[in-house]
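# Geometric and topological summary
Listed below, chain by chain, are the residues.
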Amino acid sequence: MGLTFTPYQIPGLLLVEGKLFPDSRGHFMESYREIDYKDSPVPSLVQDNLSRSRRGVVRGLHYQKNPSAIGKLVRCVAGRILDVAVDIRKGSPTYGKWAGVELRGEENRMLWVPPGFAHGFYVLSEWADVLYKVSGYWVAQDDCGVLWNDPAIGIAWPSGETLVSDKDARLPILAQADNNFSWRP
């Protein structure tokens, strides 16, 4: 049925949108067809991860450093989230800049977050289920992150209750993060 791949705010990020077929019963969509990605900038995806979170939860900002860097194709399958990606490619003209997009379960829209970006999200609805297809496997020694509210990044998170895991609350600011990504023009 085909997808569109639209560059989004920071070079490397893509909005990926598919067709949705609503009727009186609800809607139908194809959530993944390998052939749709064959000639796209999105590499092979090897695993699905699913998280369920309640309103006000912030997950992130996470990434895996090289040699285990992975990209994420993020979709909200139920509820609503503010999905955020931060450019952490040293030397990039957009280093430390962030982009955010609202993803909703009732839409067929995703955000492609390639290696070189930290990723996180904030739950806007009562509950949200977030599915991310990833281009590699989790490797504990390369698992890294950046503090979700680093003032140097200045993400405009929604106001209200914020719930962050102990692990995420202890992440370093970007200037002190373990990051081996470099920008390549």
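Residues numbered from 1 in each chain as written. Predicted model: local features only at pLDDT ≥ 70, side-chain atom pairs only at ≥ 80, totals over all residues. Heavy atoms only, no water.

## Brief notes about the overall build of the protein
Scanning the protein from terminus to terminus reveals one helix and 14 strands. For the protein, the C-alpha radius of gyration of 16 Å lies close to 16 Å, the compact-globule estimate for 185 residues. Along the first, second and third principal axes, the C-alpha set of the protein runs to 50 × 40 × 30 Å. Taking the intrachain contacts of the protein between residues at least 6 apart in sequence as the baseline, contacts between residues at least 24 apart amount to 80%. About 9,500 Å² of surface is accessible on the protein, with carbon and sulfur atoms providing 52% of the total. Each charge class in the protein was averaged separately, 21 positive and 21 negative side chains, and the resulting centres sit 2 Å apart. (Helix = DSSP H or I, 4+ residues; strand = E, 2+ residues; numbered from the N terminus. Rg over C-alpha atoms; globule rule 2.2 N^0.38 Å. Contact = heavy atoms within 4.5 Å. Areas by Shrake-Rupley, 256 points an atom, 1.4 Å probe, with all protein chains shown as cover. Lys, Arg positive; Asp, Glu negative; His and termini not counted. Charge placed at Lys NZ, Arg CZ, Asp CG, Glu CD.)

## Section: the environment of Arg33
Considering the arrangement of structural elements, one finds Arg33 in the loop between strand S4 (26–28) and strand S5 (47–54). Residue class for Arg33 comes out partly exposed when judged on its relative accessible area of 31%. Residues Arg33 and Leu3, spaced 30 residues apart in sequence, show a C-alpha to C-alpha distance of 9.5 Å. (Buried < 20%, exposed > 50% of the residue type's maximum accessible area, 1.4 Å probe, protein only.)

## Focus on unusual backbone geometry
A cis amide bond, omega 10 degrees, links Gly60 with the succeeding residue Leu61. Mapped onto the elements of the fold, Leu61 is located in strand S6 (residues 57–64). The omega angle of the peptide bond from Asn66 to Pro67 is 15 degrees, so this bond is cis rather than trans. Backbone geometry at Gln9 places phi at a positive 60 degrees, although glycine is not the residue there. By the secondary structure assignment, Gln9 is in the loop between strand S1 (3–7) and strand S2 (14–18). Overall, the relative accessible area of 55% leaves Gln9 in the exposed class.

## Quick word on the nonpolar core
Counting residues in hydrophobic clusters, the biggest one holds 22 residues, and the most contacted among them are Tyr8, Leu13, Ile81 and Val113. Tallying contributions element by element places strand S12 (residues 127–134) first for this core, with four residues. Other than its neighbours up to four places away in sequence, Tyr8 contacts Leu13, Leu14, Leu15, Ala99, Gly100, Val101 and Leu111. The next biggest cluster of nonpolar side chains, apart from the first, holds 20 residues, and it includes Val84, Ile153, Leu174 and Ala177. (Core = buried A, V, L, I, M, F, W, Y, C linked by side-chain atoms within 4.5 Å.)

## Overview of the environment of Leu171
Inspection of the secondary structure puts Leu171 in the segment after helix H1 (166–169). In sequence terms Leu171 and Asn66 are 105 residues apart; their C-alpha atoms lie 18 Å from each other. Setting aside residues up to four positions removed in sequence, Leu171 forms contacts with Gly60, Leu61, His62, Gly145, Val146 and Leu147.

## Considering the pairing of S2
With five bridges connecting them, S1 and S2 associate as antiparallel partners. Among the inter-strand pairings, Pro7 is bridged to a residue of S2, identified as Leu14. Hairpin geometry of S1 and S2 is characterised by an intervening segment of six residues between the two adjacent antiparallel strands and by a positive phi of about 60 degrees at Gln9. When S2 meets strand S10 (residues 109–113), the two strands line up antiparallel, connected through four bridges. Opposite Val16, over in S10, you have Met110 as the bridge partner. (Pairing = 2+ DSSP bridges.)

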